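# Summary of structural features
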Amino acid sequence: MLIAADKFKGSLTAVEVAEHVTAGLRRVVPGLDVAAVPVADGGDGTVAAALAAGFTRHEARVTGPTGAPVTATFALRADGTAVVEMAEASGLQHLPAGVFAPLTATTYGTGELLRAALDAGATSIVFGVGGSATTDGGAGMLAALGARFLDADGAPVAPGGGPLRDLATADLSGLDPRLATTGIVLASDVDNPLTGPKGAPAVYGPQKGASEEDVAALDAALAHYAEVLGRAVGPKAAEAASAPGAGAAGGIGYGALVGLDAVFRPGIDVMLDVLGFAPALAQAGFVITGEGSLDTQTLHGKAPAGVAAAARSAGLDVAAVCGRLQLPPEALAAAGIRRAYALTDLEPDPARCMAEAGPLLERAAEQLARDFLV
């Protein structure tokens, strides 16, 4: 049995999910051979998955989204591969008391975190983006790495997406020279463009506290930012604005595509490669995947969909565990998942379900074992 599940956000890490599923399976089939590859799709939990796969933990003190210092973690492997998660530096979890800052939150700390990975010896970087508190198009990140963004008076523009409306000139010539020889993969489950009705401000701004007026202001500011970058770096700035992944994490994907020459790949595909999923799959006879909520978003690049697709290609059956299930059986079947086991079927109260997620997951795994293994 191969367990390749994502975290249950707010209750269990991916490692804990695997532990509880294993415990439940072995209550029904003692001595069952179980392997675990905790997975992530580029969003929060990506570094934790890398650490579970044997990467080394590194920490750096960086600038949080509102300017206060935070401690951020990245993962590094002996071959020079680093996994950097932007949410560690610029994520919603770093907002004080959950007070949003949609116009002024900055990705500066993410740039500092990338620089720390370079300082630690990274020669290739998997850059996971998601869960951001920011909508600054990655301008803060690039500034921390040596870019200059100036207003009409020659002064640096203030942090955040809103002040980009005042941007007059951009200069990327001072970017850390090590970036030129570092392969950077932009890993995300989001393929939105930078601006417009499907862009970062319109789709994700409200999740970060942006009002309708804020969304309009941010969209205009990011469009202006892309225009100014176009004068600095040429046509690739406009091309990148509409490229898949540009709108990821408040537009930090755009900053990575333009300024870091990053290559966009679906996060789950990248992480399955990095985490050694293929060798584990080759030894498996059955696969269990899952995440906190199996819903329509799952089908668009989330970890369980990626795991199920790979397992189906290998001719293996897949079952899923989840906190709540919002997909009909036909959608699960189309994704390659034979059956899903939801904790809310065992405990309908959401608060109790999250508080007791571990024991409930073991019960769900027991039922899975009875259905498929006995």
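Below or above, wherever it landed, is the structure these notes cover. (Residues numbered from 1 in each chain as written. Predicted model: local features only at pLDDT ≥ 70, side-chain atom pairs only at ≥ 80, totals over all residues. Heavy atoms only, no water.)

It is worth spelling out the packing of helix H7 (residues 212-233) against helix H9 (residues 248-259) at this point. How two helices pack is summed up by the angle between their axes together with the distance between the axes. With their axes 12 Å apart at the nearest point, H7 and H9 run at an angle of 5° to one another. Classified by the angle their axes make, H7 and H9 are roughly parallel. Together, Tyr-225, Ala-226, Leu-229 and Val-233 of H7 and Tyr-254, Gly-255 and Val-258 of H9 make up the contact between the two elements. (Axes fitted to C-alpha atoms, helices over the stretch in contact; angles between N-to-C directions. Helix = DSSP H or I, 4+ residues; strand = E, 2+ residues; numbered from the N terminus. Parallel < 35°, antiparallel > 145°, perpendicular 65-115°, else oblique. Contact = heavy atoms within 4.5 Å.)

The relation between two aromatic rings is expressed through the spacing of the ring centres and the mutual angle of the planes. Evaluation of the coordinates by the stated rule reveals three aromatic pairs. With a centroid separation of 5.1 Å and an interplanar angle of 50°, the aromatic rings of Phe-286 and Phe-372 are classed as tilted. Here Phe-372 lies in helix H15 (residues 357-372) and Phe-286 lies in the loop between helix H11 (277-282) and strand E11 (287-294), a separation of 86 residues in the sequence. On the accessibility criterion, Phe-286 (8% relative accessible area) is buried. (Phe/Tyr/Trp six-rings, centres within 6.5 Å; stacked < 30°, edge-to-face > 60°. Buried < 20%, exposed > 50% of the residue type's maximum accessible area, 1.4 Å probe, protein only.)

Its boundaries defined by the atoms lining it, the largest pocket holds a volume of some 1300 Å³. Lining the largest pocket we find 44 residues, and of these Lys-9, Asp-41, Asp-189, Gln-297 and Lys-302 sit closest to its centre. Every element with two or more residues in the lining of the largest pocket is listed here: helix H6 (200-204), H9, strand E10 (263-266), E11, strand E12 (318-325) and helix H14 (350-355). Per-class residue counts for the lining of the largest pocket are 15 nonpolar, 17 polar and twelve charged. (1 Å grid on protein atoms, 1.4 Å probe; cavity = no way out; pocket = protein on both sides within 12 Å on 5 of 7 lines; lining within 4 Å. Points joined across faces, edges and corners; volume = space filled by probe spheres on them. Nonpolar A, V, L, I, M, F, W, Y, C, P; charged D, E, K, R; others polar.)

For the structure on display, the rule yields one cavity of 30 Å³ or more. Estimated volume of the largest cavity: approximately 40 Å³. Across the lining of the largest cavity, the residue classes break down as eight nonpolar, one polar and no charged.

Okay, the pattern of salt bridges next. This model, assessed by the stated rule, comprises 19 salt bridges. Notably, a salt bridge pairs Glu-227 with Arg-231, separated by 3.7 Å at the nearest N-O pair. Highlighted residues: Glu-227 and Arg-231, both in helix H7, separated by four residues, approximately one helical turn. Arg-231 gets classed as exposed once you look at its relative accessible area, which sits at 55%. Residue Lys-236 pairs with Asp-261 through a salt bridge whose shortest N-O separation is 3.1 Å. Here the residue Lys-236 occupies a position in helix H8 (residues 236-241), and Asp-261 occupies one in the loop between H9 and E10, the gap between them amounting to 25 residues. Judged by its relative accessible area of 33%, Lys-236 is partly exposed. Look at Asp-261 and you get exposed, because its relative accessible area is 53%. When salt bridges with common partners are traced through the structure, they connect Asp-6, Lys-7, Lys-9 and Asp-44 into a single cluster. (Salt bridge = Lys/Arg side-chain N within 4 Å of Asp/Glu carboxyl O.)

Next up on the list: the side chain of Glu-85. Secondary-structure assignment places Glu-85 in strand E5 (residues 81-85). There is a polar contact of 2.9 Å between the side chain of Glu-85 and the backbone nitrogen of Val-47. Aside from chain neighbours lying at most four places away, what touches Glu-85 is Gly-43, Asp-44, Gly-45, Thr-46, Val-47, Leu-113 and Gly-128. (Polar contact = N/O pair within 3.5 Å; in protein donor to acceptor, adjacent residues only side chain to side chain.)

Between helix H1 (residues 14-28) and H15, the least distance of the axes is 7 Å, while the angle of their chain directions is 45°. With respect to H15, the element H1 is oriented oblique. Note on packing geometry: the crossing formed by H1 with H15 is right-handed. Between H1 and H15, the residues in contact are Val-17, His-20, Val-21, Ala-23, Gly-24, Leu-25, Arg-27 and Val-28 and Gly-358, Leu-361, Glu-362, Ala-365, Glu-366, Leu-368, Ala-369 and Arg-370, respectively. Of the residues in the contact of H1 with H15, the class split is nine nonpolar, three polar and four charged. (Left-handed = near helix turned anticlockwise from the far one by under 90°.)

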